[in-house]
Amino acid sequence: MTLRLYDTATRSVRDFVPKTPGQVGIYLCGLTVQSTPHIGHLRSAVNYDVLRRWLLHTNHEVTFVRNVTDVDDKILDKATTSGRPYWAIAYANKLVLDANYRDLNVIPPTYEPLATGHIPEMHELITALISAGHAYPAAGGNGDVYFDVPSYREYGQLSGQNPDDMRPPTDGGEPDKRDYRDFALWKGVKADEPTDASWPSPWGRGRPGWHIECSAMARRYLGDEFDIHGGGLDLTFPHHENEIAQSRSAGLPFARYWVHHALLNLGEAKMSKSLGNVIDVAAVQGMGIRLVELRYYLGTPHYRSRIDYSDDALREAAVAYRRIEGFVQRAAEIVGPGRPKDVPPQFAAAMNDDLNTSAALAVVHDTIREGNTALAAGEEAGIRGALTAVRAMLGVLGLDPLDAAWTGGITTSDLKPVVDSLVKLALEQRAQARARKDWSAADSVRDQLKNAGIQVEDTPAGPRWTVGEH
Ligand SMILES: Nc1ncnc2c1ncn2[C@@H]1O[C@H](COP(=O)(O)OP(=O)(O)OP(=O)(O)O)[C@@H](O)[C@H]1O
Ligand SMILES: [Zn+2]
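Residues numbered from 1 in each chain as written. Chains lettered and ligands numbered in written order. Predicted model: local features only at pLDDT ≥ 70, side-chain atom pairs only at ≥ 80, totals over all residues. Heavy atoms only, no water.

A. Inspection of the UniProt feature "binding site: ATP" (unreviewed entry) in the protein at higher detail. Residues annotated by UniProt as "binding site: ATP" (unreviewed entry) correspond here to Lys 273. By the element assignment, Lys 273 lies in the loop between β12 (269-270) and α7 (281-286). A relative accessible area of 21% means that Lys 273 is categorised as partly exposed. With residues near it in sequence (within four places) discarded, Lys 273 still touches Thr 32, Gln 34, Ser 35, Thr 36, His 38, His 41 and Val 278. One polar contact links the side chain of Lys 273 to the main-chain carbonyl oxygen of Thr 32, over a distance of 2.9 Å. (UniProt positions renumbered as here; feature names shortened; annotations may be inferred. Helix = DSSP H or I, 4+ residues; strand = E, 2+ residues; numbered from the N terminus. Buried < 20%, exposed > 50% of the residue type's maximum accessible area, 1.4 Å probe, protein only. Contact = heavy atoms within 4.5 Å. Polar contact = N/O pair within 3.5 Å; in protein donor to acceptor, adjacent residues only side chain to side chain.)

Here it is as structure tokens:
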């Protein structure tokens, strides 16, 4: 059974066949760190993390590259208005981004290139494009270099646009361009821009255009041809169209599959720093939602379905996750955490079907139903089977409640014997207090346990404790 993925370039679901069997190279457009991330950006990270985890689960070696754009117009505007260096702004935002990725259990990329660390690779590509007649330095001598769009006949194919239908800008456009569709590969430094944000080049001091960064960094880490290029649907045009035009015109085959995830909207529009309609991780935590629950909310709808953000839907997702978590914890208390390995075939079929996470989640729920029946009947083999299958499936989704990422490295089963003996001690004191008819001391022990979040239930086999309200 092979993975099938929707490829934007062919507008069809295709069998995914990696260039080298068993090895997959992926490039994902990362953030421009002009400000701290919002949960739309994190959807991108989580969707791609699920693809990566599924490839890993199905025994592929994955080289995963996600860049950071650490210099651009918006970062420079912030530098100018705040009086801080552009790199201080970029780095501070990147630190928050790193923490968010970690908090959402996103596996770190194999490589995470910064645009400013790859200027020579960009120069090499631009030089090749100029020699091949696909790019030209601006006639005005301002240091800009443009890609010559009409020179690339396939322009528009990825996004399904006819270049002839692209209208010229009404404000007259930029006079140095030969064609209004041309875009900048290199931007000559301007008088009012911070001087530390420009690099020497054969065309004068300047900085890279956004599109050339990704073509150069993908090539540096994944080679001239690689398997999957991704990003949000919003990047299809112009960013990815331009990346293809640059790389193909330089004679590189470039990406074999284009996988785009849908956006997370707030109100009528894409959640966006520029529009200001943003919610970040701190705001979500302020609502009493845990990060694992946020990941469930972002990662379980199909990656090609738009998410229309609402507080209620986020809260519902949290409740749904708590139910799943409750089963895992109850089952693990009885049979131990087990060793999650194989996923049920129906789950695999759903994931292979263009990562159909909602169908995959239905298999998680079915398995929990069976597990609950086994719990009610006290059938340990049934409990164990359901638990390991559920944990394996949740692991693929990055949502296993017993994963050290969510337990802070300490699992319930690690703590159980410790808490067991402490609770036992407290219950002995309660029994002794009762024996000497000291009711207030007995009640006090019970209340203190309750305040510590420990619920005690008297069962024929003796008292059983559970932590929390789940
Ligand atoms: N609301 C969103 N929902 C899903 N993905 C998003 C959203 N906003 C940005 N992304 C994705 O995050 C990645 C990094 O985006 P980038 O830094 O270019 O953001 P952006 O589009 O400039 O965001 P903003 O408009 O908030 O400034 C891209 O793959 C982009 O498609
Ligand atoms: Zn990119």
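B. Inspection of the site of ligand 1 at higher detail. Residues in contact with ligand 1 amount to 21 residues; listed here are only the nearest, Thr 32, Asp 234, Lys 270, Ser 272 and Lys 273. For ligand 1, an oxygen atom lies 3.0 Å from a polar atom in the side chain of His 38. Here a nitrogen atom of ligand 1 sits 3.2 Å away from a polar atom, N or O, in the main chain of Gly 40. The set of elements that each furnish at least two residues to the shell around ligand 1 consists of α1 (39-57) and β9 (225-232). (Near = heavy atom within 4 Å.)

C. Structural detail: the sheet that holds strand β6 (residues 145-147). Within the open sheet, the four strands sit side by side as β5-β6-β7-β8. Their pairing is antiparallel. On the outer flanks of this sheet lie β5 (135-137) and β8 (206-208), each paired with one strand and no other. Sheet twist, expressed as the average angle between the axes of neighbouring strands with direction ignored, equals 20°. (Pairing = 2+ DSSP bridges. Axes fitted to C-alpha atoms, helices over the stretch in contact; angles between N-to-C directions.)

D. Molecular detail of the nonpolar core. Within the largest apolar cluster, 123 residues are counted, with the highest numbers of intra-cluster contacts made by Ile 228 and Phe 347. By residue number, the principal contributor to this core is helix α9 (residues 311-335), which donates 11 residues. (Core = buried A, V, L, I, M, F, W, Y, C linked by side-chain atoms within 4.5 Å.)

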